[in-house]
Amino acid sequence: MTAEIRVRRVLVTGAAGRIGRAVLALLAARGIEANALVLDDPGDLGGLGDLGRPGGLGGLGARLVVTGDAADPATVRAALDGADAVIHLAAIPTPERNTPQEVFAGNTVATFTVLEEAGRAGVRQVALASSWGTTGLPWTTDPDPHPPYVPVDADMPGQVEDPYGLSKQVDELTAAMMARRHAMSVVCLRYPYVGGFEERLLAHAARLAEQPDLGARDLWTYLEVDDAARAALLALGVPGPGAHTVHVCAPEVIVPFPTEELLRRFHPTTRLLRPLPGRTAPVDTAPARRLFGFTAERLIEF
């Protein structure tokens with residue numbers, strides 16, 4: 001099914017980031033108003049700027065740009081002005097550049113605050129950026145980690161040893177609680193490696209073609225940034241109340257090798273639940289297709 005989008009104005013948190021900018025551009029193209037919440041205003045998102053301060057004209061079209069921390073209730077309330085939906089992307093995206101406390105506390109408190117204030121404001125449609133990091137594979141201290149089975153799905157037990165992966169697991173639990181608390185629809189999107197083709201995907205693909213072992217922890221998955229934005233918008237059409245967690249990625253791996261050959265070489269103990277012909281991505285994306293009609297369209301060609 002394809003979700004029906006009935007939103008007029010969307011609050012996009014983390015709007016200055018890679019996916020956030022693509023979301024703003026998509027909303028503008030669809031004629032949907034946007035508010036932007038950013039930690040630091042880059043000046044090119046459009047709108048009125050920080051709580052009414054003139055912003056960058058000719059930017060990405062945000063009606064209102066609010067600068068501040070997504071963990072601060074007052075800031076979030078200001079950013080929600082007129083919004084009837086939220087796409088929550090604001091987060092510290094890796095455990096590698098901040099302290100463990102900053103990563104875990106920053107991400108989880110921001111998600112709690114955004115969803116709580118959105119619910120209190122009457123918002124009933126939320127899309128939330130979760131992550132492949134919930135599997136634990138990217139940053140585990142295990143030098144040779146393997147998923148127990150493929151295709152990986154949202155029910156697979158995680159191997160998390162890092163504060164980022166844990167924060168995203170908690171975000172998904174928070175989403176389930178807030179869906180009950182406020183009768184909301186909250187869709188958690190487990191994003192893989194995301195980027196634009198020229199910005200970083202083509203270079204990433206070339207690097208992994210030379211050294212496929214470097215992609216083993218991500219199972220060679222990826223998603224082009226415009227597809228990532230489209231998934232977030234489609235997720236706003238899922239009726240509530242209820243919380244859902246889905247994987248979204250390209251249907252094929254990012255390297256020019258057969259998937260089953262890659263798995264035999266780099267994940268020999270992983271159980272294959274069904275055949276994965278050709279370069280089929282070893283991740284179950286069917287729930288996203290069934291729930292809101294998403295299938296990645298922008299693919300790397302070999």
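Residues numbered from 1 in each chain as written. Predicted model: local features only at pLDDT ≥ 70, side-chain atom pairs only at ≥ 80, totals over all residues. Heavy atoms only, no water.

A closer look at the overall build of the protein chain
Then, in step 1: Secondary structure summary: the protein chain contains 8 helices and 11 strands in total.
Then, in step 2: Computed over the C-alpha atoms, the radius of gyration of the protein chain is 19 Å, within 12% of the 19 Å expected from 2.2 N^0.38 for a compact globule of 302 residues.
Then, in step 3: Judged by the C-alpha coordinates and their principal axes, the protein chain covers about 55 × 40 × 35 Å.
Then, in step 4: In the protein chain, which comprises 302 residues, the share counted as buried stands at 54%.
Then, in step 5: Within the protein chain, residue pairs in contact and separated by at least 24 positions form 76% of the contacts whose partners lie at least 6 positions apart.
Then, in step 6: Of the side-chain charges in the protein chain, 28 are positive and 36 negative, and the distance between the mean point of each set is 5 Å. (Helix = DSSP H or I, 4+ residues; strand = E, 2+ residues; numbered from the N terminus. Rg over C-alpha atoms; globule rule 2.2 N^0.38 Å. Buried < 20%, exposed > 50% of the residue type's maximum accessible area, 1.4 Å probe, protein only. Contact = heavy atoms within 4.5 Å. Lys, Arg positive; Asp, Glu negative; His and termini not counted. Charge placed at Lys NZ, Arg CZ, Asp CG, Glu CD.)

A short note on the pattern of salt bridges
Then, in step 1: Following the criterion strictly, the structure yields 14 salt bridges and no others.
Then, in step 2: The partner of arginine 9 in a salt bridge is glutamate 33, and the shortest N-O contact between them spans 2.7 Å. Of this pair, arginine 9 sits in strand β1 (residues 9-13) while glutamate 33 sits in strand β2 (residues 33-38), placing them 24 residues apart in sequence.
Then, in step 3: Take glutamate 33: its relative accessible area is 39%, and that puts it in the partly exposed class.
Then, in step 4: When salt bridges that share partners are traced, they join Glu224, Asp226 and Arg298 into one network. (Salt bridge = Lys/Arg side-chain N within 4 Å of Asp/Glu carboxyl O.)

Focus on the sheet that holds β2
Then, in step 1: Read across the open sheet, the 7 strands follow the order β3-β2-β1-β4-β5-β7-β10; overall the sheet is parallel. Each edge of the open sheet is held by one strand with a lone partner, namely β3 (64-67) and β10 (242-247). Mean inter-strand twist for the sheet, computed between neighbouring axes without regard to direction, equals 15°.
Then, in step 2: In this sheet, strand β5 (residues 125-131) lies alongside strand β4 (residues 85-88) in parallel orientation, the contact comprising 3 bridges. Across the sheet, residue histidine 88 finds its bridge partner in β5, namely leucine 128.
Then, in step 3: Across the sheet, helix α1 (residues 18-29) is in contact with β1, β2, β4 and β7 (185-191); its angle to β1 comes to roughly 165°.
Then, in step 4: This element, helix α3 (residues 100-120), spans β1, β4 and β5 of the sheet and lies at about 175° to β4. (Pairing = 2+ DSSP bridges. Axes fitted to C-alpha atoms, helices over the stretch in contact; angles between N-to-C directions.)

With respect to the pairing of β1
Then, in step 1: Counting buried positions along β1 yields 5 of 5 residues, so the element is predominantly enclosed.
Then, in step 2: Side chains Arg9, Leu11 and Thr13 project from β1 onto one buried face, and the interleaved Val10 and Val12 project onto a second face that is buried too.
Then, in step 3: Taken together, the 5 bridges between β1 and β2 define a ladder with parallel strand orientation. Following the sheet pairing, leucine 11 is matched in β2 by asparagine 35.
Then, in step 4: The parallel pair β1 and β2, bridged by α1, forms a crossover whose chirality is right-handed.
Then, in step 5: In terms of strand pairing, β1 meets β4 through 4 bridges, oriented parallel. Note on β4: the bridge partner recorded for valine 12 is isoleucine 87. (Right-handed = clockwise from strand over helix to strand, strands pointing away.)

Some remarks on the nonpolar core
Then, in step 1: Within the largest apolar cluster, 44 residues are counted, with the highest numbers of intra-cluster contacts made by Val10, Leu189, Tyr191, Val248 and Phe292.
Then, in step 2: Elements represented by at least two residues in this core include exactly β1, α1, β2, β4, β5, β7, α6 (225-235) and α8 (286-292).
Then, in step 3: At 8 residues, α6 tops the list of elements feeding residues into this core.
Then, in step 4: Filtering out sequence-adjacent residues up to four positions away, leucine 189 remains in contact with Ala127, Leu128, Ala129, Ser130, Ser131, Ala231, Ala232, Ala235, Val246, Val248 and Phe292.
Then, in step 5: In terms of nonpolar packing, the next biggest core, distinct from the first, is built from 26 residues, Ala205, Tyr222, Cys249 and Val283 among them. (Core = buried A, V, L, I, M, F, W, Y, C linked by side-chain atoms within 4.5 Å.)

Observations concerning the confidence of the model for the protein chain
Then, in step 1: With 95% of its residues at a pLDDT of 70 or more, the protein chain shows a mean pLDDT of 94.
Then, in step 2: Predicted confidence is poor over residues 48-58, with pLDDT under 50, and the contacts of this stretch with residues over four places away or in other chains come to 22 contacts. (pLDDT = per-residue confidence, 0-100.)

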